Structures are given as structure tokens and as C-alpha cells.
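Overview (structure and organization)
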Amino acid sequence: MCALVGAAAFVSTTERAPLFAGVFTWELAHPQLVLLVVLVAVAIAVRYVRFDRLVPGARMSPRDARAGVPADPAGQ
């Protein structure tokens, strides 16, 4: 189960499509139906966690660069 959750998180991050990631991961493994809800929830949560705001010095996304959002939380 942990591997499926990790796979959904990975696909959600790389493809930038959280609903697709949850359903796709569930479809590949054919686990219980209740796990579909968990996979979609994790994929949505991981997609919207902003890595560049959590780690100072991380690369900014092009959208944040256009908006002028600083790469680290302190704004330095």
C-alpha cells in the first residue's frame, strides 16, 4: 500500500495531474476500491505542496518566477 501511495505522489508531481495520478495508479494495481480515495487524496495533497517554498534555494517554477514569488520563505 505504501508503494502505491508513493507512486501516486510521484505521478502527481511529474505529470501535474493529481486526479489522473490517483486513478492511474489505482488502475495499474487493481487494489480495493477504498484505496482509490486514499490515492486521489494523496495525489492532490502532494501536487499542491510547494517544494520551492519548503526548501530555501530550490528552483522556482516558471509560474512563480513570472509572479515574482521569492524562492525561499524569508524572501531573501
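Right above here is the structure, for reference.
The structure presented is a predicted model; accordingly, all values stated were derived computationally and were not measured.

Considering helix H2 (residues 18-29)
Taking 1.5 Å per residue as the helical rise, H2 with its 12 residues ought to reach 16 Å, and the 17 Å between its terminal C-alpha atoms agrees with that figure. Every buried residue belonging to H2 is among Pro 18, Ala 21, Gly 22, Thr 25 and Trp 26, and all of these are buried. Across the axial projection of H2, the buried residues extend over an arc of 120 degrees, all falling on one side. Exposed side chains of H2 directed beyond 90 degrees from the buried face belong to Leu 19 and Leu 28. Against helix H1 (2-15) and helix H3 (34-48) lie the buried residues of H2.

Section: the nonpolar core
In terms of nonpolar packing, the biggest core is built from 5 residues, these being Val 5, Ala 8, Trp 26, Leu 35 and Leu 39. The contacts of Trp 26, once residues within four sequence positions are left out, are Pro 31, Gln 32, Leu 33, Leu 35, Leu 36 and Leu 39.

Here we look at H3
The terminal C-alpha atoms of H3, which comprises 15 residues, lie 22 Å apart, in line with the 21 Å expected from a rise of 1.5 Å per residue. Within H3, the full set of buried residues consists of Leu 35, Leu 39, Val 40 and Ala 43. Seen along its axis, H3 keeps its buried residues to an arc of 135 degrees; they face one direction. Away from its buried face, by an angle of more than 90 degrees, H3 presents the exposed residues Val 34, Val 37 and Tyr 48. Next to the buried residues of H3 lie H1 and H2.

Structural notes on the packing of H1 against H2
For the pair H1 and H2, interaxial distance at closest approach is 8 Å and the crossing angle is 140 degrees. Judged by the angle between their axes, H1 and H2 are oblique. Both H1 and H2 take part in a crossing whose hand is right-handed. Of the residues in H2, those in contact with Leu 4, Ala 7, Ala 8, Val 11, Ser 12 and Glu 15 of H1 are Pro 18, Phe 20, Ala 21, Thr 25 and Ala 29. Tallied by class, residues from the contact of H1 with H2 come to 8 nonpolar, 2 polar and 1 charged.

Structural notes on the packing of aromatic side chains
Taken as a whole, this structure holds 1 aromatic pair when the rule is applied. Geometrically, the ring pair formed by Phe 20 and Phe 24 is stacked, given 5.2 Å between the ring centres and 20 degrees between the ring planes. Of the two residues, Phe 20 and Phe 24 both sit in helix H2, 4 residues apart, roughly one turn of that helix.

Here we look at the side chain of Thr 25
The residue Thr 25 is located in helix H2 in this model. A polar atom in the side chain of Thr 25 sits 2.7 Å from the backbone oxygen of Ala 21. Each residue touching Thr 25, except ones within four places of it in the same chain, is listed here: Leu 4, Ala 7, Ala 8 and Leu 39.

Cut-offs and rules
Residues numbered from 1 in each chain as written. Predicted model: local features only at pLDDT ≥ 70, side-chain atom pairs only at ≥ 80, totals over all residues. Heavy atoms only, no water. Helix = DSSP H or I, 4+ residues; strand = E, 2+ residues; numbered from the N terminus. Expected span 1.5 Å × (residues − 1). Buried < 20%, exposed > 50% of the residue type's maximum accessible area, 1.4 Å probe, protein only. Arc of directions from axis to C-beta. Contact = heavy atoms within 4.5 Å. Core = buried A, V, L, I, M, F, W, Y, C linked by side-chain atoms within 4.5 Å. Axes fitted to C-alpha atoms, helices over the stretch in contact; angles between N-to-C directions. Parallel < 35°, antiparallel > 145°, perpendicular 65-115°, else oblique. Left-handed = near helix turned anticlockwise from the far one by under 90°. Nonpolar A, V, L, I, M, F, W, Y, C, P; charged D, E, K, R; others polar. Phe/Tyr/Trp six-rings, centres within 6.5 Å; stacked < 30°, edge-to-face > 60°. Polar contact = N/O pair within 3.5 Å; in protein donor to acceptor, adjacent residues only side chain to side chain.

Just geometry here; none of it tells us what the structure is for.
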